[in-house]
There are 2 protein chains.
Amino acid sequence: MGHCFDHTDTDSYFGQKTWEKAESQLQKLALELLLQKAALQPRSIDLVCSGDLLNQCISSSFSLRNTGLPALGLYGACSTMAESLLVSSMAVGGGFAQRAVAMTSSHFASSERQYRFPLGYGGQRTPTAQWTVTGSGAALVTANGSGPKIEAATVGIVVDKGIKDANNMGAAMAPAAFETIRTHFDDLGRSPEDYDLIVTGDLGSLGKELAETMFQDAGIHMGNRYQDCGCMIFDPTTQDVHAGGSGCGCSAVVLCGYLLDQIATGKLKRLLFCGTGALLSPVSSQQGESVPGVCHAVAITGGN
Amino acid sequence: MGHCFDHTDTDSYFGQKTWEKAESQLQKLALELLLQKAALQPRSIDLVCSGDLLNQCISSSFSLRNTGLPALGLYGACSTMAESLLVSSMAVGGGFAQRAVAMTSSHFASSERQYRFPLGYGGQRTPTAQWTVTGSGAALVTANGSGPKIEAATVGIVVDKGIKDANNMGAAMAPAAFETIRTHFDDLGRSPEDYDLIVTGDLGSLGKELAETMFQDAGIHMGNRYQDCGCMIFDPTTQDVHAGGSGCGCSAVVLCGYLLDQIATGKLKRLLFCGTGALLSPVSSQQGESVPGVCHAVAITGGN
């Protein structure tokens, strides 16, 4: 999928001194590129909706400081790309903003040391573990435009089925994905056939299998319409990431780099983009808590 | 202000085993009380917008798990009560939800050990330090109602003037409060006289003084209209909290417990409620970063 991205870099620090600053730099770059590609001045943006995985969402806050851009901070764990699109589209659709930016990021190294172990420790990963994507995506949501169009969205509920293994987030998030997608179909009177592609954010290979079983058991026939960004982003024949990709950046780069282009070029007519998030923290796990999941769905069609 | 609250407790654990679980329990209680007072079933709520200070906002996520309530997670540090009102009012005003709940919390003990020192260490506090309020507030935002009305809101920008002292958050947030309030007046063609009260969230005594100087220097005459929830919540003659109260819960309980009643009873006709947040994390401070601030303003008037 590398050829789909506007910018790639081999320096995981992106010229910064720490991985956390690198992640913030990633969002800065994404926002700069968005403004360039849309030929817009920063002052023409009414609102930025963004969030990330780092404690207190510092990647987002620091990327926006002193830019003068009105900013709403979000926390939806790895569902943030969908949540930021959803909130941006409410702001624009409701007439409260003309142009909003939905943005997020994640960084493998900043996530590993915050959620799991210091990287230098070289800990062995479990087979169910996923690899946090180092990446950032930003999308411009406007009242008038010719690009892909957000036509509907479903806000997810927080589902916790008691999974306590923080290295098996696909299993923790799959029930939330199932609930949101089922609710989306019910609310809108739709079925899988109404979409060319239904894509979850980062369930990975294990979570995707679980979700498929849940759809099957509920009589929802996804056919070959269902995919997962965590299974799409890496090439398992050359990249050993165990159960797949994860992180806010995973679904963000797959959507902004690949899927939106597929819609813009007519290869996809209607997409259901379902960001998935595991709402745990190291503290909640240390205190014996299970892992709640959430999923927000955004339906995107071809433009005018 | 104690008599204004629906529920007070002398057990800082609220029956839970840890302070983090206690904080989550606080939000659960606030939501239950809201539903009771409004005589609503959970299923009649279309959306909950909530966030908190804990890493990965676990207080909010865990309070909502398995409730079946559609949930958008927010991160605005101590500005969350204003941010959640703002996003709720966009959702309701734009026709995307009929009934939304804006909710947040903070807990002195969970904040101290996350941001500063273990409480058992008994560290001495600097004179500029503020005391995180243990409290939670929840407000129902509906399309039709007779209560106080959200008539306008201004999303803040992230302002960083280079303050590096994480024990002086009032100074870090004051410039953001100034910017948002000035912008609010400019955008709406209003002046302080249009409000009975303009209240910031948790600048504390020091931050409030700084903000007052900035207004004065800019020729914005606040007169005696300006107050700060961090200066209102505690009684300095009997409660030694140094520079005042802070935390998401500070402005949340002052608004939901006191100010909304003042509006409902006609004692206040128009309020500008300005949630203020310091967007730092322990990691950003350890990496030598200064403290960015943000402020979101919500204008609230008497009902119909």
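Residues numbered from 1 in each chain as written. Chains lettered and ligands numbered in written order. Predicted model: local features only at pLDDT ≥ 70, side-chain atom pairs only at ≥ 80, totals over all residues. Heavy atoms only, no water.

I keep staring at the overall build of chain A and nothing clicks. Help me out?
When helices and strands are counted, chain A shows 9 helices and 11 strands. Taken along the three principal axes of its C-alpha coordinates, chain A extends 50 × 45 × 35 Å. The buried share of chain A, taken over its 304 residues, is 59%. Taking all contacts inside chain A whose residues are at least 6 apart in sequence as the whole, residues at least 24 apart take part in 77%. By element, 48% of the accessible surface of chain A is carried by carbon and sulfur atoms, the whole surface being about 11,700 Å². (Helix = DSSP H or I, 4+ residues; strand = E, 2+ residues; numbered from the N terminus. Buried < 20%, exposed > 50% of the residue type's maximum accessible area, 1.4 Å probe, protein only. Contact = heavy atoms within 4.5 Å. Areas by Shrake-Rupley, 256 points an atom, 1.4 Å probe, with all protein chains shown as cover.)

Would you take a moment to explain the sheet that holds strand β2 (residues 71-73) of chain A for this structure?
The strands making up a sheet are joined through hydrogen bonds of the backbone, oriented either antiparallel or parallel. Residues and elements named next belong to chain A. Across the sheet, 4 strands lie side by side as β2-β1-β3-β5; this open sheet has mixed pairing. Unpaired on one side and paired on the other, β2 and β5 (135-142) mark the two borders of the sheet. Sheet twist, expressed as the mean angle between neighbouring strand axes with direction ignored, is 20 degrees. Both strand β1 (residues 47-52) and β2 contribute to a ladder of 3 bridges, which runs parallel. (Pairing = 2+ DSSP bridges. Axes fitted to C-alpha atoms, helices over the stretch in contact; angles between N-to-C directions.)

How should the interface of chain B and chain A be read in this particular structure?
In many analyses, interface size is given as the accessible surface area lost on bringing the parts together. Across the contact, 52 residues belong to chain B and 52 residues belong to chain A. Regarding the contact of chain B and chain A, the summed buried area is about 4,100 Å², with carbon and sulfur atoms giving 61% of it. Interface area lost by chain B to chain A is led by Gln56, Met90 and Gln287 of chain B, which between them contribute 17%. At the junction of chain B and chain A, the tally comes to 6 salt bridges. Note that Arg65 of chain A and Glu289 of chain B form a salt bridge whose closest N and O atoms lie 2.7 Å from each other. In this assembly, chain B and chain A are joined by 28 residue pairs in polar contact (both at pLDDT 80 or more). The biggest single contributor to the side of chain B that touches chain A is helix α3 (residues 80-93) of chain B, with 7 residues. Partitioning the side of chain B that touches chain A into residue classes produces 28 nonpolar, 17 polar and 7 charged. (Buried area = accessible area lost by both parts, 1.4 Å probe. Salt bridge = Lys/Arg side-chain N within 4 Å of Asp/Glu carboxyl O. Polar contact = N/O pair within 3.5 Å; in protein donor to acceptor, adjacent residues only side chain to side chain. Nonpolar A, V, L, I, M, F, W, Y, C, P; charged D, E, K, R; others polar.)

Would you mind going over helix α1 (residues 19-38) of chain B with me for this structure?
Residues lying three or four places apart along an α-helix face the same way, a consequence of the helix completing one turn every 3.6 residues. Between its first and last C-alpha, α1 of chain B extends 28 Å over 20 residues, near the 28 Å set by a 1.5 Å rise per residue. Taken together, the buried positions of α1 of chain B are occupied by Trp19, Glu20, Ala22, Glu23, Ser24, Gln25, Leu26, Gln27, Ala30, Leu31, Leu34 and Leu35 of chain B. Buried-residue contacts for α1 of chain B involve α9 (282-286) of chain A together with β1 (47-52), α2 (58-64), β3 (99-106), α4 (108-115) and β5 (135-142) of chain B. Directly after α1 of chain B, the chain includes Ala39 of chain B, whose backbone phi takes a positive value near 50 degrees. (Expected span 1.5 Å × (residues − 1).)

I would appreciate a short explanation of the side chain of Asp228 of chain B in the present structure.
Residue and element names in this part refer to chain B. Position of Asp228 relative to the elements: it lies in strand β8 (residues 226-228). Notably, Asp228 is buried but unbridged: the nearest opposite-charge side chain belongs to Lys208, and the N-O separation is 7.7 Å. In terms of polar contacts, Asp228 uses its side chain to reach the backbone amide nitrogen of Leu203, at 2.8 Å. Beyond its immediate chain neighbours, meaning those up to four positions away, Asp228 contacts Val199, Thr200, Gly201, Asp202, Leu203, Gly204 and Lys208. (Lys, Arg positive; Asp, Glu negative; His and termini not counted.)

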